[in-house]
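Reading the structure
So the chains spell out like this:
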Amino acid sequence: QVQLEESGGGSVQAGGSLRPSCAASGRTFSNYFMGWFRQAPGKEREFVAAISWRGATTYYTDSVKGRFTVSRDNAKNMVYLQMNSLKPEDTAVYFCAAQLGSYLYRQGGGYDYWGQGTQVTVSS
């Protein structure tokens, strides 16, 4: 089992940057495939990005490609989401999630563990 805790959200103006982080504790962090999801008010949770166990492969939803970068530091049990050129439509609660495999990595149901989320607000 792994416990996840996000931090680093906040409020920025459009065009700004934020870098949410996710700290993991528990079992060996490098065993877990990690994902980032977001949920805006009144909308369903959506996939944002994912990163493989040792960080060799990353995945992004189309709307964030070229603006967001997911990374991980297995020595520190951390995963990051660097968000640049933020837009008002990026406003949401951002969650990190973990799974042992990479099953349905674009779907929340594929993940076994979730953090509590961190709020990101982008104003125009």
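Relevant structure appears above.
Report follows, based on the coordinates. What you see is a predicted model; the values in this text were computed from it and never measured.

Within the secondary structure, Thr 61 sits in the loop between β6 (58-60) and β7 (68-73). In this view, Thr 61 contacts Phe 47, Val 48 and Arg 106; residues no more than four positions away in its chain are not counted.

Most of strand β9 (residues 92-99) sits out of view: 7 of its 8 residues are buried. One ladder, built from 7 bridges, connects strand β4 (residues 33-39) with β9; its direction is antiparallel. What sits directly across from Met 34, in β9, is Ala 98. When β9 meets strand β11 (residues 118-123), the two strands line up antiparallel, connected through 3 bridges. Counterpart to Ala 92 in the pairing with β11 is Val 120. Two elements, β9 and strand β10 (residues 113-114), share 2 bridges in a ladder whose sense is antiparallel. Looking across to β10, one finds that Ala 97 is bridged to Trp 114.

Analysis parameters
Residues numbered from 1 in each chain as written. Predicted model: local features only at pLDDT ≥ 70, side-chain atom pairs only at ≥ 80, totals over all residues. Heavy atoms only, no water. Helix = DSSP H or I, 4+ residues; strand = E, 2+ residues; numbered from the N terminus. Contact = heavy atoms within 4.5 Å. Buried < 20%, exposed > 50% of the residue type's maximum accessible area, 1.4 Å probe, protein only. Pairing = 2+ DSSP bridges.

On their own, these measurements won't tell you what the molecule is for.
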